[in-house]
Amino acid sequence: MSTTRLFPIDPTNLKHIKLLDEFEKENNGRTPIGIYQKEEETANDINMELVLEEKKQIQDICHIQGYKDMKSCTISFVPKKKKKRKIVSLATNYAMDTLGMEEVFLRINPEDNDMLDYLDSSEYECLGDDKGSIIYLKEKQY
């Protein structure tokens, strides 16, 4: 039986750091998006890595940056060759349901054609280019 779980990385948890190291090795030494910690971070800031784990290995990872008071965040993904990535919808739902976001922006590399095709055929709205990335939006439906 395969167990899949989605969880935020705890930068002080040695098991999480080990999982990240293994992920880097499997992805040609590429560092995941990185664990961001701002010195001036407030309780209003959201700045986290979200991991999709299957069979005790990281399958995918994304970075969520946002603001609780604005109920808005941006999700960035590590480059990966896959037609449909489970983490896209899971991370969007996590941001809306767990973090209470009403607007979720996705920042996509313009060369990630698989991801762009998937988002174009899903319930995400393309907002166009911003500083070399393609931005998509999903708003919470009431």
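Higher on the page you've got the structure.
These numbers come from a predicted model, not from an experiment.

A. Inspection of the nonpolar core at higher detail. With 26 residues, the main nonpolar core has Ile75, Phe77, Leu106 and Leu119 as its most contacted residues. Secondary structure elements with two or more residues in this core: β2 (45-54), β3 (57-67), β4 (72-77), α2 (86-98), β5 (103-108), α3 (113-120) and β7 (133-139). Top contributing element to this core by residue count: α2, with six residues. The contact partners of Leu119, leaving out residues within four places of it in the chain, are Val88, Leu106, Ile108, Tyr124 and Tyr136.

B. Representation of the sheet that holds strand β6 (residues 125-130) in the model. Spatially, β1-β2-β3-β4-β5-β7-β6 is the arrangement adopted by the seven strands of the open sheet, whose pairing is mixed. The sheet is open, and its two borders are formed by β1 (4-8) and β6, each paired with just one other strand. Averaged over all adjacent pairs, the angle separating strand axes in this sheet is 25 degrees, with direction ignored. Two elements, β5 and β7, share six bridges in a ladder whose sense is antiparallel. Along β7, the bridge assignment pairs Val104 with Lys138.

C. Region of interest: α2. Its 13 residues place the ends of α2 17 Å apart at the C-alpha level, agreeing with the 18 Å of an ideal helix rising 1.5 Å per residue. When we look at burial in α2, the residues that qualify are Ile87, Val88, Ala91, Thr92, Tyr94, Ala95 and Met96. Trailing α2 by a residue or two, Gly100 shows a phi angle of about 80 degrees, which is positive.

D. Inspection of unusual backbone geometry at higher detail. Within the chain, Lys55 stands out as a residue other than glycine whose phi angle is a positive 55 degrees. Relative to the helices and strands, Lys55 is located in the loop between β2 and β3. Of note, the phi angle at Lys71 is positive, near 55 degrees, even though the residue is not glycine.

E. Structural detail: the packing of aromatic side chains. A complete count under the given rule lists zero aromatic pairs for this structure. Positioned over the ring face of Tyr124 is Lys138, at 5.1 Å from the centre of the ring.

F. Structural view of the pattern of salt bridges. One pass over the structure, following the stated rule, counts six salt bridges. With a closest N to O distance of 3.2 Å, Lys86 and Glu54 form a salt bridge. Here Lys86, found in helix α2, pairs with Glu54, found in strand β2; they are 32 residues apart in sequence, far enough to count as distant. For Lys86, a relative accessible area of 48% corresponds to the partly exposed category. Because the salt bridges share partners, they merge into one network encompassing Asp60, Arg85 and Asp112.

G. How the structure looks around the pairing of β2. Here β2 lies mainly inside the structure; 10 of its 10 residues are buried. Going residue by residue along β2, you find Asp45, Asn47, Glu49, Val51 and Glu53 tucked away on one face and Ile46, Met48, Leu50, Leu52 and Glu54 tucked away on the opposite face as well. One ladder, built from five bridges, connects β1 with β2; its direction is antiparallel. When the bridges of β2 are listed, Thr4 appears paired with Glu54.

Conventions adopted
- Residues numbered from 1 in each chain as written.
- Predicted model: local features only at pLDDT ≥ 70, side-chain atom pairs only at ≥ 80, totals over all residues.
- Heavy atoms only, no water.
- Core = buried A, V, L, I, M, F, W, Y, C linked by side-chain atoms within 4.5 Å.
- Buried < 20%, exposed > 50% of the residue type's maximum accessible area, 1.4 Å probe, protein only.
- Helix = DSSP H or I, 4+ residues; strand = E, 2+ residues; numbered from the N terminus.
- Contact = heavy atoms within 4.5 Å.
- Pairing = 2+ DSSP bridges.
- Axes fitted to C-alpha atoms, helices over the stretch in contact; angles between N-to-C directions.
- Expected span 1.5 Å × (residues − 1).
- Phe/Tyr/Trp six-rings, centres within 6.5 Å; stacked < 30°, edge-to-face > 60°.
- Lys NZ or Arg CZ within 6 Å of the ring centre and 35° of its normal.
- Salt bridge = Lys/Arg side-chain N within 4 Å of Asp/Glu carboxyl O.

That is the geometry; function is a separate question.
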